[in-house]
Amino acid sequence: MVSGSSMNQRTAVDIRHSTCPHDCPSACALDIEVIDRSTIGRVRGSNRQSYTAGVVCAKVARYAERVHHPDRLLHPLRRTGPKGSGSFARISWEEALDEIAARFNAAEAEFGAESVWPYHYAGTMGLVMRGGADRLANAKNYSRFYSTICSNVAWTGYAAGVGKVAGVDPREMAKSDLIVIWGTNPVSTQVNVMTHAARARKERGAKIAAVDIYDNDTMKQADIRIILRPGTDGAFACGVMHVLFRDGLADRAYLARYTDCPDDLEAHLQSRTPEWASAICGVPVTEIEAFAHAVGQTPRSFFRLGYGFTRSRNGAVQMHAALCIPAVTGAWQHEGGGAFFNNGAIFGFDKTLIEGRDAFSPTSRQLDQSKLGRILTGDVEALCGGPPVKAMLIQNTNPMSVAPEQSLVHQGFAREDLFVAVHEQFLTETARMADIVLPATMFLEHDDLYYGGGHQHISVGAELIDPPGECRNNHEVIRTLARRLGVQHAAFDMTPRELIDVTLKQSGQGGIEALEAELWRDLQPDFRASHFLDGFAHPDGKFHFRVDWDCVDVPRKILSGPWQQMPELPDHWAVIEQADARHPFRLATSPARSFLNTTFNETPSSRAREGVPMVLIHPLDAEQLGLAANEVVVVGNDRGETVLTAKLSEGVQRGVLIAESLFPNVAHRGGRGINVLTSADSIAPHGGAAFHDNKVWLRKSGVAPAG
């Protein structure tokens, strides 16, 4: 017989620590309730790491929904029906890996090694679980993966000014008197930015300014709100700098000591008046003037720059133009002043083993991630003049939803002669197109190494629970596949922990045990280095207003797009996809709060909060089209069309549409998702995807209004 006191005893919960692995600069430090070797409870932000500071986004706080979701993939599967039908039969790991190796070898034998393309991205930011596909490609001389979708444009625009991708300690936002949040919506996408901004407001009476293209959740918390047209940030920035010079708010002593050509910049800006800027960006002249005076009269102005406003054909120019403002005011001199975008340059990890860089062959082609649809449909230019892609292994990404030019992507994946293996946690829309599906671990079920681009910490995320079913981690899949393919590399013989340990030691960070003991190691350079008080990172030690775009020092660098036409000095570069008579609207596909790309599409709480795919439209535009709130509409252009529900909002400029994404394609009536509208045209100077730069039309669908 069990006593009452025994029945009422609560199972002890072990609080363990990890780092959020997802595609977000916050890389939050986590405290996780581990109930037993197969079960977790609550997930909280850890107070033991100074940037996370105890705060984590709602979707990660509910992570148990993902880990213990009933729809998780648990066993390898082989397709039994037509592609995309979802018809699969369970098979063994041995059968699955044998078939993948055989199909890869057959493709190589007939079309050459470059016909095999390991395709991956940032579903995990962990170095070990992300880098193995690159190692396999390098070791086998398969087609290499040119990563362009997210960061190329922003990194280039920032490095153009500063000389590298690093900046002021982001925790200094708490010591600022004005935090300018530009081109990002951190309430939805980087919640910790708001933690430090809110602290400055509470403790110092600081103001928060938001510069963006619609009245999003961050804008609603701001004291100064600038809503401009998509792709016009450069014009707004130039108008602001014109006022700074005109009204004596430029720090001329700082400019003379720390910048390359302040006199040329001032002369260039003479014609970039607030009136000129207003005509382009739609922000009233009075607001441009007021914003300029706010930053010019507040030495401790902190510019927190984001990715969103760089996802445009002129994105690198826009980033650089916004970054120039704190150089004009001299804000970099002051604690709580200057700029920050990402700390990518401070970590210095040696990824030789993880990515197999010692096996790299410069003769193997690099295929552009953003041009997946063109590649799979045989575009000769996108294929770099080489053989067709005949076999793929996909990890950490869901391109059937995420990649631009979705009509081409879907057409390519439907090819019967294309063999696709997908290693995934759920039966995503990409997994449904696979010939072989492999069940993947989540971050609590394997060891990995992390760094926080949005802050300054590195950490080890240890395996805390056992994988369910037959799930295997990315590294194990790559190494066992490599064995079948007969390829040798030292990293294929290591466990994840061994690979982490060696990488840390080769990177000058000691071993894995020392880092685990610290939990999160702070690598932020000191104040003088972070504020570039001894010179910026260019060889001449200056902040650069004038840019040679083909010479910007960034990690990933293939010149593409119309880079020769890029302006030397900050400006509005009118290369965006302009609205016209047939396509009277400009559309941006900004992130939804409860999804992270397509991660969390499967969790019930995220789906419930986001509801159905909506498009924000100004009430006067809706009235002109005879649209009512919640009416079903079709949005389209020459690339395709999709069905959305209209949401009236005065928080967008007229002629602008915002579709918060990324919903699964199947959530849209007709099964065509938002990325049927987006283009894979290369963004200058190093490629990228212009997700927020689309001309479209909108019409009633003839379907009865929702609700």
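Predicted model, so just to flag it, every value in this text is computed and none were measured. (Residues numbered from 1 in each chain as written. Predicted model: local features only at pLDDT ≥ 70, side-chain atom pairs only at ≥ 80, totals over all residues. Heavy atoms only, no water.)

Q: Outline the pattern of salt bridges, listing residues and values.
A: As enumerated under the stated definition, the model contains 48 salt bridges in all. Close ionic contact of R246 with E289 constitutes a salt bridge, the shortest N to O distance being 2.6 Å. A residue pair is termed long-range when its members are at least 10 positions apart, and R246 in helix α9 (residues 233-246) and E289 in helix α13 (residues 285-296) qualify at 43 residues. Across the salt bridge formed by D571 and R272, the nearest N and O atoms sit 2.5 Å from each other. Placement of the pair is D571 in the loop between α22 (527-530) and β20 (585-588) and R272 in the loop between α11 (262-269) and α12 (274-281), with a sequence separation of 299 residues. The class for D571 is buried, based on a relative accessible area of 10%. Through salt bridges with shared partners, a single ionic network connects R313, R374, E405, E577, R586, R639, D681 and D693. (Salt bridge = Lys/Arg side-chain N within 4 Å of Asp/Glu carboxyl O. Helix = DSSP H or I, 4+ residues; strand = E, 2+ residues; numbered from the N terminus. Buried < 20%, exposed > 50% of the residue type's maximum accessible area, 1.4 Å probe, protein only.)

Q: Before we move on, can you summarise the nonpolar core with the specific residues and values?
A: A general tendency of soluble globular proteins is for nonpolar side chains to be buried together. Counting residues in hydrophobic clusters, the biggest one holds 123 residues, and the most contacted among them are W182, F236, F291, W332, M392, F413 and F545. At 10 residues, the largest contribution of residues to this core is made by helix α14 (residues 315-329). When residues no more than four places from it in sequence are discounted, the contact partners of F236 are W182, V211, I226, L228, A277, C281, V283, I288 and F291. Core analysis: the second largest hydrophobic core is formed by 26 residues, A107, A113, I436 and V487 among them. (Core = buried A, V, L, I, M, F, W, Y, C linked by side-chain atoms within 4.5 Å. Contact = heavy atoms within 4.5 Å.)

Q: With reference to specific residues and values, describe the sheet that holds strand β6 (residues 116-120).
A: Picture the strands of a sheet paired through backbone hydrogen bonds; they go either parallel or antiparallel. If you trace the 6 strands from one edge of the open sheet to the other, you get β5-β4-β16-β15-β14-β6, paired in mixed fashion. Each end of this open sheet is capped by a strand with a single partner; those strands are β5 (88-90) and β6. Averaged over all adjacent pairs, the angle separating strand axes in this sheet is 20 degrees, with direction ignored. As paired strands, strand β4 (residues 77-79) and strand β16 (residues 436-439) are joined by 2 bridges and run antiparallel to one another. (Pairing = 2+ DSSP bridges. Axes fitted to C-alpha atoms, helices over the stretch in contact; angles between N-to-C directions.)

Q: Tell me about the environment of R483, residues and numbers included.
A: Tracing the backbone shows R483 in helix α19 (residues 474-485). Each C-alpha atom of the pair R483 and R44 lies 39 Å from the other, and the pair is 439 residues apart in sequence.

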